[in-house]
Amino acid sequence: MVRNVAGEIRELEAEDFYLLSGVEHGMRFSKWVDRETLTEYARLDSEEVDHRIDRCERRGFIERKTMQYQGFRLTFEGYDALALHTLVERGTIEGFGAPLGVGKESDVYEVASYKSLALKYHREGYTNFREVQREREYTADRQHRSWLYTARKAAEGEYEALETVYPTVAVPRPIDHNRHAIVMEKLEGVELSRASLPDEQAVGVLDLILDELASAYEKGYVHADMSEYNVAVSEDGVTIFDWPQAVPTDHQNADEFLERDVSNLVSYFRRKYPNQIDIQDTASIARTLCDGTFESVDDYQ
């Protein structure tokens, strides 16, 4: 888990953010940003750059490396500070709360606004950048890549998917995003992997999830990473979350991804509720989701 920087950004001055933004800009072109270019990127004079480097490095927002030159790059804490500062300046966030969840590819916090919301920081590639490079298409078209770039592209993709499918599909309502951070409504309910459904409800809940996938397909998206870990179950129904790997339905592999999503879900229900779910032909279910004729998993048992 990356350190929470919410308390520390109050200590930063406008020029500190100029410096952090300058390093961010330079990282578009190289992994380590040459100290000599920071006066231009940060729009600060040389003496001010040195002062701001000391302040930001002391707080762990940047790190340096000595090569043929003095190089600097943002840490995830520095990137968090930039995104959070922007969201506060916009008025999207008014207060910062406790962690809501920590995963291998994101950290989620409760934040205050007109009501309690969730702030999700994407961390794709933070622990295993090479694996994410192989799996994520948005890393394939760029000669120079960093985990900051990968996390930002993941957030952009997820926010676009949420905006497109909401409110037709039961997803967290998207509120705002900046860089690698998304502000959205908090999830209600319990993660499917931790839910204990009565056996007689298993088929109905699986039907609800598949109906949401069908609606998402109709709106132009396939989730492409479905499992019991990104569905929340509550008395009001189900909510599908975590959409950074979503692909548009005109993607060359969209139908293959949809079939995999269906297979993952059915396999989970078959393992946990073997007396209720006995489905082998997930490809047929996926086809009916595509053409809008799906009614119930009972038709395939």
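Think of each chain on its own: its residues are numbered from 1, step by step along the sequence as written. Selection of residues for local features in this predicted model requires a pLDDT of at least 70, selection of side-chain atom pairs for listing and counting requires 80 or more, and totals for whole chains, interfaces and linings are taken over all residues. The side-chain quantities take in all heavy atoms of the structure and omit both hydrogens and water.

Comments concerning the confidence of the model for the protein
Okay, step 1: Model confidence for the protein is summarised by a mean pLDDT of 92, while 93% of its residues fall at 70 or above.
Okay, step 2: Contacts for the low-pLDDT stretch residues 129-136, under 50 throughout, to residues beyond four places or in other chains number 15 contacts.
Okay, step 3: The pLDDT value expresses, per residue, how confident the predictor is, ranging between 0 and 100. By the convention used here, residues are in contact when the closest approach between their heavy atoms is within 4.5 Å. Low pLDDT, under 50, characterises residues 138-142; the predicted model gives this stretch 14 contacts beyond four residues in sequence or across chains.

Some details on the pairing of strand β2 (residues 62-66)
Okay, step 1: Any two strands are treated as partners once DSSP identifies two or more bridges connecting them. Only runs of H or I of at least four residues qualify as helices and only runs of E of at least two qualify as strands under DSSP, and these elements are numbered from the N terminus. Pairing of β2 with strand β3 (residues 70-74), which is carried by five bridges, proceeds in the antiparallel orientation. In the sheet register, Arg64 faces β3, and the bridge partner there is Phe72.
Okay, step 2: The loop that links β2 with its antiparallel partner β3 comprises three residues.

Remarks on the packing of aromatic side chains
The geometry of an aromatic ring pair is captured by two quantities: the separation of the ring centres and the angle between the planes.
Okay, step 1: Ring pairs shown here join Phe, Tyr and Trp side chains whose ring centres sit within 6.5 Å, with only the six-membered ring taken for Trp; geometry is labelled stacked below 30 degrees between planes, edge-to-face above 60, and tilted in between. Under the counting rule described, the total for this entry stands at six aromatic pairs.
Okay, step 2: An angle of 85° between the planes, with centres 5.6 Å apart, marks the rings of Tyr268 and Phe269 as edge-to-face.
Okay, step 3: Plain terms: the ring middles of Phe269 and Tyr273 are 5.8 Å apart, the flat faces sit at 35° to each other, and that makes the pair tilted.
Okay, step 4: Using a 1.4 Å probe on the protein chains alone, a residue whose accessible area is under 20% of its type maximum counts as buried, one over 50% counts as exposed, and one in between counts as partly exposed. Classification of Phe269 as buried rests on a relative accessible area of 0%.
Okay, step 5: Looking at Tyr273, the relative accessible area reads 3%, which means it is buried.
Okay, step 6: In this structure an aromatic cluster arises from ring pairing among Phe96, Tyr109 and Tyr121.
Okay, step 7: Lysine and arginine charges are scored as sitting over a ring when NZ or CZ, respectively, is within 6 Å of the ring centre and within 35 degrees of the ring normal. Above the face of the Phe76 ring, Arg123 is positioned so that its terminal group lies 4.9 Å from the ring centre.

Notes on the nonpolar core
Okay, step 1: The definition of a nonpolar core used throughout is a set of buried Ala, Val, Leu, Ile, Met, Phe, Trp, Tyr and Cys residues joined through side-chain atoms within 4.5 Å. Counting residues in hydrophobic clusters, the biggest one holds 50 residues, and the most contacted among them are Ile209, Leu210, Trp243, Phe269 and Leu289.
Okay, step 2: Secondary structure elements with two or more residues in this core: α6 (147-165), β8 (181-185), α7 (202-219), β10 (221-222), β11 (231-234), β12 (237-240), α8 (254-272) and α9 (282-291).
Okay, step 3: Top contributing element to this core by residue count: α7, with 10 residues.
Okay, step 4: Beyond its immediate sequence surroundings of up to four residues, Leu289 is in contact with Leu210, Leu213, Ala214, Tyr217, Leu258, Val262 and Phe294.
Okay, step 5: Core analysis: the next-biggest nonpolar cluster, separate from the first, contains 38 residues, Ile9, Leu38, Cys56 and Phe76 among them.

Overview of helix α3 (residues 46-58)
Okay, step 1: The first and last C-alpha atoms of α3 sit 18 Å apart over 13 residues, in line with the 18 Å expected at 1.5 Å per residue.
Okay, step 2: The set of residues buried in α3 consists of Val49, Arg52, Ile53, Arg55 and Cys56.
Okay, step 3: In the core, the buried residues of α3 are packed alongside α1 (14-26), α2 (38-42), β2 and β3.
Okay, step 4: The first or second residue beyond α3 is Gly60, which carries a positive phi of 75°. Here a helix's expected span is defined as the number of its residues, less one, multiplied by 1.5 Å.

Points about the environment of Arg52
Okay, step 1: Tracing the sequence through the fold places Arg52 in helix α3.
Okay, step 2: Arg52 gets classed as buried once you look at its relative accessible area, which sits at 6%.
Okay, step 3: With residues up to four places along the chain from it excluded, the contact list for Arg52 reads Glu13, Glu15, Asp16, Leu19 and Leu44.
Okay, step 4: The definition of a polar contact used here is a pair of N or O atoms within 3.5 Å, where within protein one atom must be able to donate a hydrogen and the other to accept one, and adjacent residues in sequence count solely through side-chain atom pairs. Side-chain polar atoms of Arg52 contact the side chain of Glu13, separated by 2.6 Å.

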